[in-house]
Amino acid sequence: MTDRGGLDGAVVADISTSYIDGSIGKLIYNGYAIEDLAENTSFEEILFLLFNERLPSRAEYECLRETVAAKAAIPDAVIAMMKSLPADTPAMAVLRTAVSMLSAFDPDAENLSDKEAAKAKAFRLTGQITTICAAWMRIVDGQVPIVPRRDLSVAENFVYMMSGDAPDATACAALNVYLVLLAEHGMNASTFATRVVAATGSDLHSAIVAGISALKGPSHGGANSEAMRMFLEIGAVDNVAPWFEANIKTGKRRIMGIGHRVYKSNDPRAGILRRHAEALAESSGERKWLDVAVKLEETARADDYFVQRNLYPNVDYYSAIVLYMLGLDVDMFTPLFAMSRIAGWSAHVVAQMGGRLIRPKANYVGPHDREFVPMDER
Ligand code: ACO
């Protein structure tokens, strides 16, 4: 290999869903600045935008919101399967298994060529992933899962299904911003995984299972949980400096939630999430973990190592604080990422359908011309 691997810089598709200029921290969804979308739109508007290359009218928005909510319930068999799992099963493993199982109940699961059927499956799965996430949280707590409501948005339904109470407006607004920000992001690792599966002609559920599997890793979506575990391990603002010396200056560990393959300046999503973390800290009066995160960022950014390598907080860094302040268990952070990214994944899968097989080459570095030796003579 002539480079460091990782397909750095390789272009695998023409897309219109999102564009990133990592040198100036710019992210757009189909032309719209992420800052404008985060301020003004709901997650369902983004779902519509990614599939239709335009924002919906109010009637179109309401139609899609209801379509997603109406099909968000999951079969009893899937709930029973989730209840049968050990309570310490990683939530991402639960989600991966449940999504795979849902394909057995989807009337269009094996309809591999019809893009309209794939879109309908994607909208069903968008609601169902929300329900799986909320149901698993309740199962782990020994509570009965709650059935989604037809009159709510994805963000509202998740907050409602967590507690069974009327969804709190502040929590819904914060969660909606999170879902908007995480919905789509170019040819990231999990999106690429979904495209590779879709390009073989396989089905939408299989492609989404691949996306969930790739997202689970700590170098990708798993970093939000790992970032929060790191803040909890540090424990207090006064511990940041000694922790940094012992773990980062020695090269033993990486700061989770810092660094990005594409962003070599600020990730715009991190700044927006930091502002929402500030607002949640303000309203709750609890800012301990935000202060730890801010102090660690300042410590890193004051260090030549991070400056020279252009390492800044990515989306996972402050989203960890936002999700923690919303009362989510750390293990649920990455499933929440999937709850949003299903939008981008499925838009990419539908765009990839009927496209050419993705099949790169490998550079063989093993031996040639070896003489075969029968087993008993080895
Ligand atoms: N802490 C300390 N050093 C780091 C960090 C970090 N978080 N991230 C990168 N570096 C260093 C590397 O050690 C490397 O140094 P070197 O050139 O001296 O070897 C240099 O910066 C470049 O790092 P790479 O791993 O080559 O960069 P790559 O583009 O492959 O990796 C990645 C990007 C995986 C995100 C990396 O920055 C990382 O591991 N970050 C922590 C995990 C994380 O936050 N992942 C979430 C990414 S966002 C998302 O997927 C939603």
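Residues numbered from 1 in each chain as written. Predicted model: local features only at pLDDT ≥ 70, side-chain atom pairs only at ≥ 80, totals over all residues. Heavy atoms only, no water.

**Topic: the overall build of the protein chain**
Right, so step 1: Scanning the protein chain from terminus to terminus reveals 17 helices and three strands.
Right, so step 2: For 378 residues, the compact-globule estimate of 2.2 N^0.38 gives 21 Å, and the C-alpha radius of gyration of the protein chain, at 22 Å, lies within 12% of that figure.
Right, so step 3: Projected onto its principal axes, the C-alpha positions of the protein chain cover 70 × 55 × 45 Å.
Right, so step 4: In the protein chain, buried positions account for 52% of the 378 residues.
Right, so step 5: Across the protein chain, contacts joining residues at least 24 apart in sequence account for 74% of those joining residues at least 6 apart.
Right, so step 6: If you sum the accessible surface of the protein chain, you get close to 17,900 Å²; carbon and sulfur atoms cover 50% of it.
Right, so step 7: Separation between the mean location of the 38 positive side-chain charges and that of the 47 negative ones in the protein chain comes to 3 Å. (Helix = DSSP H or I, 4+ residues; strand = E, 2+ residues; numbered from the N terminus. Rg over C-alpha atoms; globule rule 2.2 N^0.38 Å. Buried < 20%, exposed > 50% of the residue type's maximum accessible area, 1.4 Å probe, protein only. Contact = heavy atoms within 4.5 Å. Areas by Shrake-Rupley, 256 points an atom, 1.4 Å probe, with all protein chains shown as cover. Lys, Arg positive; Asp, Glu negative; His and termini not counted. Charge placed at Lys NZ, Arg CZ, Asp CG, Glu CD.)

**Quick notes on the sheet that holds strand E2 (residues 26-29)**
Across a sheet, paired strands are connected by hydrogen bonds in the backbone, their directions being either parallel or antiparallel.
Right, so step 1: Taken in spatial order, the three strands of this open sheet run E1-E2-E3, and their pairing is antiparallel. The outermost strands of the open sheet, each flanked by one partner alone, are strand E1 (18-21) and strand E3 (32-33). (Pairing = 2+ DSSP bridges.)

**What about the domain arrangement of the protein chain?**
Right, so step 1: As far as domains go, the protein chain holds domain 1 (18-219 + 339-352) and domain 2 (223-325).
Right, so step 2: The centre of domain 1, based on its C-alpha atoms, is set 26 Å off from the matching centre of domain 2.
Right, so step 3: Of the residues lining the interface, 19 residues belong to domain 1; the matching set on domain 2 comes to 19 residues.
Right, so step 4: Between domain 1 and domain 2, roughly 1,500 Å² of surface is buried when both sides are summed, and carbon and sulfur atoms account for 71% of that area.
Right, so step 5: Sorting the residues of domain 1 by area buried against domain 2 places Tyr178, Leu181 and Pro218 first, and these three jointly supply 31% of that buried surface.
Right, so step 6: Seen at the junction of domain 1 and domain 2, the total is zero salt bridges.
Right, so step 7: Scanning the region where domain 1 abuts domain 2 turns up six residue pairs in polar contact (both at pLDDT 80 or more).
Right, so step 8: Of all the secondary-structure elements, those providing two or more residues to the side of domain 1 that touches domain 2 are E2, helix H1 (34-40) and helix H8 (169-182).
Right, so step 9: Tallying contributions element by element places H8 first for the side of domain 1 that touches domain 2, with five residues.
Right, so step 10: Grouping the constituent residues of the side of domain 1 that touches domain 2 by class yields eleven nonpolar, five polar and three charged. (Domains from an automatic or database assignment. Buried area = accessible area lost by both parts, 1.4 Å probe. Salt bridge = Lys/Arg side-chain N within 4 Å of Asp/Glu carboxyl O. Polar contact = N/O pair within 3.5 Å; in protein donor to acceptor, adjacent residues only side chain to side chain. Nonpolar A, V, L, I, M, F, W, Y, C, P; charged D, E, K, R; others polar.)

**Quick look at the environment of Ala193**
Right, so step 1: Within the element layout of this structure, Ala193 appears in helix H9 (residues 189-199).
Right, so step 2: Among the residues examined, Ala193 registers a relative accessible area of 17% and is labelled buried.
Right, so step 3: Taking C-alpha positions, Ala193 is 8.6 Å from Ile208, a pair spaced 15 residues apart along the chain.
Right, so step 4: Each residue touching Ala193, except ones within four places of it in the same chain, is listed here: Ala210 and Ala214.

**What to know about the site of the ligand**
Right, so step 1: Inspection of the region around the ligand gives 21 residues, with His220, Ile255, Gly257, Ile258 and Arg261 positioned closest.
Right, so step 2: Separating an oxygen atom of the ligand from a side-chain N or O atom of His220 is a distance of 2.7 Å.
Right, so step 3: Between an oxygen atom of the ligand and a side-chain N or O atom of Asn314, the distance comes to 2.9 Å.
Right, so step 4: Tallied by class, residues from the shell around the ligand come to ten nonpolar, six polar and five charged. (Near = heavy atom within 4 Å.)

**Digging into the pattern of salt bridges**
Right, so step 1: For the structure shown, the criterion picks out 16 salt bridges.
Right, so step 2: For Arg274, the salt bridge is made with Glu297, and the minimal N-O distance between the two is 3.5 Å. In this pair, Arg274 is assigned in helix H13 (residues 268-284) and Glu297 in helix H14 (residues 288-301), connecting sequence segments 23 residues apart.
Right, so step 3: Several salt bridges share partner residues, and in doing so they unite Arg274, Glu278, Arg287, Asp291 and Glu297 into one network.

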